[in-house]
Amino acid sequence: MTFFAEAPHSAPVTHVGDLIGWVVGILLVIALVYWLMRQGWNWRKTVQSGLPEPAAVPPRTTEPILETEGRYVGTTTAGNWLDRVAAHRLGERSLVELTLSAEGLKVVRPASQSFFVPVGDLRGARLDKGIAGKVFPEGGLLVITWQLGDKQLDTGIRADRSSDHDNWVTAIEVLIKAHDKVTHTNDSKNDKNVEGA
């Protein structure tokens, strides 16, 4: 008795109409998610509209203390690594050129809005591993804390050479201390002049 192998079944024919319906449905869901994200970003800009605009980059400063290139990861409110600042395009990721001088910090972003942080508004620097929802290896991120109006902000920078981060933390801390010392000395002299008048 001969047994014949059962002929293989062909795959069921898919109805093109169903396939198009699924594709259109998925595209609509993606579009809705994108629209909701955009609305959230615009709402954030509206809420933060009271934040003053950062200073413009001056045409020239004194001799640079440090310079580096890298990635601008974003700016958040100080101490809250997920509260990204949308106002004045501070939350946009981009390439960056950083220059630290005695006057302050130049943040030049070719594809976004550049800005300047005067030395009197610098509050500190540290190594961290995350900001604005982006995570890096331990110490892989330079976070600079600065004052804008009545808000303290954290700006995250990933230098092309992450080994430079330590130098930046040290240089910013030294610059802040030197500025505070000069400011304190000048204030003391002014007080003595007022008393002697």
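Here, every reference points to the structure presented above.
Here the structure is a predicted model, which means the values were calculated and not measured.

The rules behind these values
- Residues numbered from 1 in each chain as written.
- Predicted model: local features only at pLDDT ≥ 70, side-chain atom pairs only at ≥ 80, totals over all residues.
- Heavy atoms only, no water.
- Phe/Tyr/Trp six-rings, centres within 6.5 Å; stacked < 30°, edge-to-face > 60°.
- Helix = DSSP H or I, 4+ residues; strand = E, 2+ residues; numbered from the N terminus.
- Buried < 20%, exposed > 50% of the residue type's maximum accessible area, 1.4 Å probe, protein only.
- Patch = residues over 30% accessible without salt bridge, like charges linked within 9 Å, V, L, I, M, F, W, Y side chains within 5 Å.
- Areas by Shrake-Rupley, 256 points an atom, 1.4 Å probe, with all protein chains shown as cover.
- Salt bridge = Lys/Arg side-chain N within 4 Å of Asp/Glu carboxyl O.
- Lys, Arg positive; Asp, Glu negative; His and termini not counted.
- Charge placed at Lys NZ, Arg CZ, Asp CG, Glu CD.
- Core = buried A, V, L, I, M, F, W, Y, C linked by side-chain atoms within 4.5 Å.
- Contact = heavy atoms within 4.5 Å.

**Notes on the packing of aromatic side chains**
For step 1, the next point in the chain: The tally for this structure, following the rule as stated, stands at two aromatic pairs.
For step 2, the next point in the chain: Ring geometry for Tyr72 versus Phe115: centroids 6.3 Å apart, planes at 80°, classification edge-to-face. A residue pair is termed long-range when its members are at least 10 positions apart, and Tyr72 in strand β1 (residues 66-77) and Phe115 in strand β4 (residues 115-118) qualify at 43 residues.
For step 3, the next point in the chain: Phe115 sits in the buried class, given a relative accessible area of 1%.
For step 4, the next point in the chain: Pairing Phe115 with Trp146 gives two aromatic rings, centres 5.3 Å apart and planes at 20°, and the pair type is stacked. Placement of Phe115 in strand β4 and of Trp146 in strand β8 (residues 141-148) is noted, with a sequence separation of 31 residues between them.
For step 5, the next point in the chain: The class for Trp146 is buried, based on a relative accessible area of 2%.
For step 6, the next point in the chain: Through successive ring pairs, a cluster of aromatic residues spans Tyr72, Phe115 and Trp146.

**Structural notes on a negative patch on the surface**
For step 1, the next point in the chain: A grouping of Glu63, Glu67, Glu69, Glu97 and Asp160 is seen on the molecular surface, where their side chains present a negatively charged patch.
For step 2, the next point in the chain: Inspection of the secondary structure puts Asp160 in the loop between β9 (151-159) and α2 (165-196).
For step 3, the next point in the chain: The class for Asp160 is exposed, based on a relative accessible area of 58%.

**Digging into the nonpolar core**
For step 1, the next point in the chain: The biggest cluster of nonpolar side chains holds 27 residues, and the ones touching the most others in it are Leu98, Leu100, Leu105, Leu122 and Leu142.
For step 2, the next point in the chain: Only β2 (94-101), β3 (104-108), β4, β5 (122-128), β8, β9 and α2 provide two or more residues apiece to this core.
For step 3, the next point in the chain: Residue contributions to this core peak at six residues, all from α2.
For step 4, the next point in the chain: With sequence-adjacent residues up to four places away left out, Leu122 is seen in contact with Leu100, Leu105, Val117, Ile144, Thr145, Trp146, Leu175 and Ile176.
For step 5, the next point in the chain: Counting six residues, the second largest nonpolar core, distinct from the first, contains Ile131, Ala132, Phe136 and Leu141.

**Considering unusual backbone geometry**
For step 1, the next point in the chain: Despite not being glycine, His88 has its phi angle at roughly 55°, a positive value.
For step 2, the next point in the chain: For His88, the location among the structural elements is in the loop between β1 and β2.
For step 3, the next point in the chain: Here His88 falls in the partly exposed class, since its relative accessible area comes to 23%.
For step 4, the next point in the chain: With phi around 60°, Arg89 is a residue other than glycine that occupies positive phi space.
For step 5, the next point in the chain: For Arg89, the location among the structural elements is in the loop between β1 and β2.

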